[in-house]
Structure formats: C-alpha cells, structure tokens
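Working through the structure, step by step
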Amino acid sequence: MIIAIDGPAAAGKGTLARRIAETYGFHHLDTGLTYRATAKALLDAGLPLDDEAVAENMALKVDLAGLDRAVLSQHEIGEAASKIAVMPAVRRALVEAQRRFAEKTPGAVLDGRDIGTVVCPGAPVKLYVTASVEVRAKRRYEEIVEAGGNADYDAIFEDVKRRDERDMGRTDSPLKPAEDAYLLDTSEMSIEAAFQKAKSIVDAAL
Ligand code: C5P
C-alpha cells in the first residue's frame, strides 16, 4: 500500500502524513528531508550549490534511515534544498531511493512535491494538500512564536510565496496535483478535520 501526499510548503502535509502512518502502522518518508540532507552535506563540506555533478554525488550518498528533521529544519537548508531540487540528476538519484522506500511492507506514506506525479504515479491513494499562502504563512508564524522564537510575518509570507514559485515553476517535476489526486484545501479546516477526511479516503482504498 502506498499513500502519496503532495502539496506546497507549510500546508500541513507532514503532520497529516505522520498521523496516517501511525494510524495504519505504515512507514513514513518526508521526501523534503532527502533534498535537505543533500543540501546540508554540500553546505557542511563547503561545496557549491550550483554544480549538478557535485550535488548528484552527494544525493547518491544520502542515507534515508538517518534523516532527522531537527538537524535539517534551518531556513538556510530549506533554501539550499529548493535550489538543488531543480537539478534533474539530483532528483533522479533521490527519486530512486524514494521508490525503494515506497516498497516497504505493509505500507508506506511518502510526502513531498512530486510523489503522486513522478515518484509513485501508481499509488492507490493520492492526496494534494494545500492552503492559501496567507494561511500557510500564518501557521508557520505561529509555530515559530509558540516555540519561543522571533518571527516576522511579512518575511515568512514572502518566503512561502518564493518557495511556491520555485517549486511550481521548475521544468523537472514541478509541484502540481496528479490528475487522480484528491484535493484537500485546509485553508478553513483544522488539522483534525483534514486528518478525518484523509482517513476516510485511505479506508475506502484498503
Ligand atoms: O518540504 P521541505 O520544505 O522540507 O522541502 C525542501 C525543498 O525540497 C522544497 O522547497 C522543494 O524544493 C524540495 N522538494 C522537492 N521534491 C520533493 C520534496 C521536496 O523538490 N518531493
């Protein structure tokens, strides 16, 4: 069983994917972390972010078992990840590892930008989770403030918008809903309501 969850940054797809995986006892892969781990390895090694062969080499070395959001969550890593994510050779290397993960039994939940369209086009359940830029920026702002951090709403808003443009505008695997994806707009929906909706879709496919 493969559950593909796609959507733009800060739409709540990570939380949803984790809860679905827990509920059904499935494995979960946040594929954004594979791009982030590649970017962090380049940054740590002082290597350039614009050399496709160098970045591909790093992508081939990413260990899916060692991914930890806590060490990959920094803003600079996210920015660098979205830059190297436009490179076809990097995507090829990471997509191959993601496809192997998707074969895990009894099931796998993968979330990202291109799971339903490119990584697992045959997945029996595809969700496209989205929300307006305003709502996503507000959620991210509140997350940072609740964690005791300093946040600037306008800067976050611009950042979310820029990330959308980069993810939707790239030539290789742009962010878009698969034709057979269920669209879940969470702009005016609680995470709980979104989870219940997603659960009913998964139950119907089991
Ligand atoms: O979701 P997250 O912000 O962690 O992803 C970091 C970056 O990795 C995204 O901005 C996106 O450019 C890229 N990404 C991607 N394809 C995926 C997952 C993430 O291109 N399946």
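Cut-off values and rules
Residues numbered from 1 in each chain as written. Predicted model: local features only at pLDDT ≥ 70, side-chain atom pairs only at ≥ 80, totals over all residues. Heavy atoms only, no water. 1 Å grid on protein atoms, 1.4 Å probe; cavity = no way out; pocket = protein on both sides within 12 Å on 5 of 7 lines; lining within 4 Å. Points joined across faces, edges and corners; volume = space filled by probe spheres on them. Helix = DSSP H or I, 4+ residues; strand = E, 2+ residues; numbered from the N terminus. Near = heavy atom within 4 Å. Polar contact = N/O pair within 3.5 Å; in protein donor to acceptor, adjacent residues only side chain to side chain. Areas by Shrake-Rupley, 256 points an atom, 1.4 Å probe, with all protein chains shown as cover. Sits in = over half its atoms within 2 Å of the grid points. Nonpolar A, V, L, I, M, F, W, Y, C, P; charged D, E, K, R; others polar. Domains from an automatic or database assignment. UniProt positions renumbered as here; feature names shortened; annotations may be inferred. Contact = heavy atoms within 4.5 Å. Buried area = accessible area lost by both parts, 1.4 Å probe. Salt bridge = Lys/Arg side-chain N within 4 Å of Asp/Glu carboxyl O.

Describing the layout of surface pockets
- Approximately 1000 Å³ is the volume attributed to the largest pocket.
- Every residue lining the largest pocket is counted, 40 residues in all, and those nearest its centre are Ala9, Ala10, Arg36, Arg69 and Arg140.
- The set of elements that each furnish at least two residues to the lining of the largest pocket consists of helix 1 (13-24), helix 2 (32-44), helix 5 (75-84), strand 3 (108-112), helix 8 (133-146) and helix 9 (153-169).
- Ranked by the residues each element gives to the lining of the largest pocket, the list is headed by helix 8, at seven residues.

A few points about the site of the ligand
- With respect to spatial proximity, 15 residues lie near the ligand, and among them Arg36, Arg91, Asp114, Asp167 and Arg170 are the closest.
- The separation between an oxygen atom of the ligand and a polar side-chain atom of Asp167 is 2.6 Å.
- Protein chains shield 96% of the accessible area of the ligand, which is 450 Å² for the free molecule.
- Cavity membership is defined here by more than half of the atoms lying within 2 Å of grid points; on that basis the ligand lies in the largest pocket.
- For the shell around the ligand, the elements supplying multiple residues, two or more each, are helix 2, helix 5 and helix 9.
- For the shell around the ligand, the leading source of residues is helix 2, giving three residues.
- A breakdown of the residues in the shell around the ligand according to their chemical character gives three nonpolar, four polar and eight charged.
- Residues from two domains meet in the shell around the ligand; each of domain 1 (1-26 + 107-200) and domain 2 (28-105) gives at least three.

Points about unusual backbone geometry
- The omega torsion of the bond from Thr105 to Pro106 falls at 0°, within 30 degrees of zero and hence cis.
- Among the structural elements, Pro106 can be located in the loop between helix 6 (88-102) and strand 3.
- For Ala10, which is not glycine, the phi dihedral falls at a positive 65°.
- Assignment of secondary structure puts Ala10 in the loop between strand 1 (2-6) and helix 1.
- The phi torsion at Ser173 lies on the positive side, around 55°, for a residue other than glycine.

Describing the UniProt feature "domain: Cytidylate kinase" (unreviewed entry) in the protein chain
- The sites that UniProt annotates as "domain: Cytidylate kinase" (unreviewed entry) are residues 3-197.
- For residues 3-197, the helix share is 54%, the strand share is 12%, and the end-to-end C-alpha distance is 14 Å.

Considering the domain arrangement of the protein chain
- Assigned domains of the protein chain: these are domain 1 (1-26 + 107-200) and domain 2 (28-105).
- Contacts between domain 1 and domain 2 engage 25 residues on the former and 23 residues on the latter.
- Taken over both partners, the interface formed by domain 1 and domain 2 buries close to 1800 Å², and the fraction arising from carbon and sulfur atoms is 47%.
- A salt bridge links Arg162 to Glu79; its shortest N-O distance comes to 3.9 Å.
- At the boundary of domain 1 and domain 2, one finds 10 residue pairs in polar contact (both at pLDDT 80 or more).
- Those elements that place two or more of their residues in the side of domain 1 that touches domain 2 are helix 1, strand 3, helix 7 (115-119) and helix 9.
- For the side of domain 1 that touches domain 2, a count of residues per class yields 11 nonpolar, four polar and 10 charged.

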